[in-house]
Amino acid sequence: LLLFVMSLVPAFASAQALPGVEIDCDDKNPELDVHPLSDASVDITCTITNPSSFEETITVDNEWDSPIVSMLLSEDSFTIAAGDEEQFTVTFDGQVRLSSSETWDFSLNATVTNVGALPVPEALATSASVNGDLSVAMYGMVDLQVTDTSTRTLGESEETTISAKVLNNGNGEDRVWIEIANIAELETLGFTFPEGARVAQTIDEGGVSPTVDVVVRSPSNIEAS
């Protein structure tokens, strides 16, 4: 092995270049869309470059440790001409409704295994790596539960209270606004909201807000129509 290594060094030196490899990706911090209507998958494109004066065979392996998201390479072995490059796709495939607090580090390692037809001894092995992290994109989803959905009948200057709770079905803490949707129309008719028609709540992932009350007061003069 020692004699073989020594015999390769002059050959590489005579060409004024040693084996080399470079690797990079277009997105080192991808986000996984896990909304229930998504496919919970994201792709990034990586490029391997051969900067040497030799045709090289380059292998790529990945370091990944997630039990719930897979990391797949479209290719992991390349034969690249001197000064040329090749691209491959890395796919992260997970599942919907993952928490936005999840994140994982990843690493891609490219190693020159052959120069032309000659295998590269371990003592002359050349490699390069690129690192990044995958995070889970946040999405919002709420469920509004109104305590009493029955019809209310009000006389002049009477009040009624509409009570509701909000369930956070998203994958992170949300700031939720609860408001009367047709407030402009009701105010035009003379209705008022003594305690405000819009209430904000901060709700933890999977949490339920306290009961929110919106007080509605009818106008003092009601014209028959």
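See the structure shown above.
These numbers come from a predicted model, not from an experiment. (Residues numbered from 1 in each chain as written. Predicted model: local features only at pLDDT ≥ 70, side-chain atom pairs only at ≥ 80, totals over all residues. Heavy atoms only, no water.)

*Asks:* Explain the overall build of the protein chain to me, and be specific about the residues and the numbers.
*Replies:* Scanning the protein chain from terminus to terminus reveals two helices and 15 strands. Oriented by its inertia axes, the alpha-carbon framework of the protein chain measures out at about 105 × 30 × 20 Å. The long-range fraction of contacts in the protein chain, counting pairs at least 24 apart against all pairs at least 6 apart in sequence, stands at 71%. Carbon and sulfur atoms make up 48% of the accessible area of the protein chain, which totals about 12800 Å². (Helix = DSSP H or I, 4+ residues; strand = E, 2+ residues; numbered from the N terminus. Contact = heavy atoms within 4.5 Å. Areas by Shrake-Rupley, 256 points an atom, 1.4 Å probe, with all protein chains shown as cover.)

*Asks:* Can you lay out the packing of aromatic side chains for me, pointing to particular residues and giving the numbers?
*Replies:* Tallied over the full model, the rule gives four aromatic pairs. Considering the side-chain rings of Trp 64 and Trp 104, the 6.2 Å spacing of their centres and the 55° angle between planes classify their relative orientation as tilted. Taken together, the residues span a long stretch of sequence, with Trp 64 in strand E4 (residues 56-64) and Trp 104 in strand E8 (residues 103-115) at a distance of 40 residues. With centroids separated by 5.2 Å and ring planes inclined at 55°, the aromatic side chains of Phe 92 and Phe 106 adopt a geometry described as tilted. (Phe/Tyr/Trp six-rings, centres within 6.5 Å; stacked < 30°, edge-to-face > 60°.)

*Asks:* Run through the nonpolar core, naming residues and quoting values.
*Replies:* Among the nonpolar cores identified, the biggest contains 34 residues, and Ile 48, Phe 88, Phe 92 and Leu 108 are the most heavily contacted of them. Counting only elements with at least two residues in this core, the list comes to strand E1 (22-25), strand E3 (41-49), E4, strand E6 (77-80), strand E7 (85-93), E8 and strand E10 (127-136). If you tally residues by element for this core, the top one is E8, at six residues. Residues within four places of Ile 48 in sequence aside, it is in contact with Val 21, Glu 22, Ile 23, Ile 58, Val 60, Phe 78, Ile 80, Asp 84, Glu 85, Glu 86 and Phe 88. (Core = buried A, V, L, I, M, F, W, Y, C linked by side-chain atoms within 4.5 Å. Buried < 20%, exposed > 50% of the residue type's maximum accessible area, 1.4 Å probe, protein only.)

*Asks:* Run through the pattern of salt bridges, naming residues and quoting values.
*Replies:* In total, this model carries four salt bridges according to the counting rule given. Note that Asp 24 and Lys 28 form a salt bridge whose closest N and O atoms lie 2.7 Å from each other. Given the relative accessible area of 39%, Asp 24 is considered partly exposed. For Lys 28, a relative accessible area of 33% translates into the label partly exposed. (Salt bridge = Lys/Arg side-chain N within 4 Å of Asp/Glu carboxyl O.)

*Asks:* How would you explain the sheet that holds strand E11 (residues 142-146) if you had to name every residue and give the values?
*Replies:* Reading across from one edge, E11-E12-E15 is the order of the three strands in this open sheet, with antiparallel pairing throughout. Either end of the sheet is taken by a strand with one partner, and the two such strands are E11 and strand E15 (212-217). The mean angle between the axes of side-by-side strands here comes to 30°, regardless of whether they run parallel or antiparallel. Direction of pairing for E11 relative to strand E12 (residues 159-168): antiparallel, over a ladder of five bridges. The residue bridging Val 146 from the neighbouring strand is Ala 164, located in E12. (Pairing = 2+ DSSP bridges. Axes fitted to C-alpha atoms, helices over the stretch in contact; angles between N-to-C directions.)

*Asks:* For the pairing of E7, give the residues involved together with the corresponding values.
*Replies:* Pairing of E3 with E7, which is carried by nine bridges, proceeds in the antiparallel orientation. For Thr 45, the partnering residue across the bridge sits in E7 and is Thr 89. Both strand E5 (residues 70-73) and E7 contribute to a ladder of four bridges, which runs antiparallel. Across the sheet, Met 71 pairs through a bridge with Phe 92, a residue of E7.

*Asks:* Now, about the sheet that holds E3: what can you tell me, with residues and values included?
*Replies:* Spatial strand order, E1-E3-E7-E5: four strands in an open sheet with antiparallel pairing. Both edges of this open sheet fall to E1 and E5, since each of them pairs with a single strand only. Strand-to-strand twist of the sheet, defined as the mean angle between neighbouring strand axes without regard to direction, takes the value 25°.

*Asks:* Pulling in residues and values, what's your account of a negative patch on the surface?
*Replies:* On the surface, Asp 26, Asp 27, Glu 31, Asp 33, Asp 39, Asp 43 and Asp 93 cluster together into a negatively charged patch. With respect to the helices and strands, Asp 43 occurs in strand E3. (Patch = residues over 30% accessible without salt bridge, like charges linked within 9 Å, V, L, I, M, F, W, Y side chains within 5 Å. Lys, Arg positive; Asp, Glu negative; His and termini not counted. Charge placed at Lys NZ, Arg CZ, Asp CG, Glu CD.)

The values are spatial; any link to function lies outside them.
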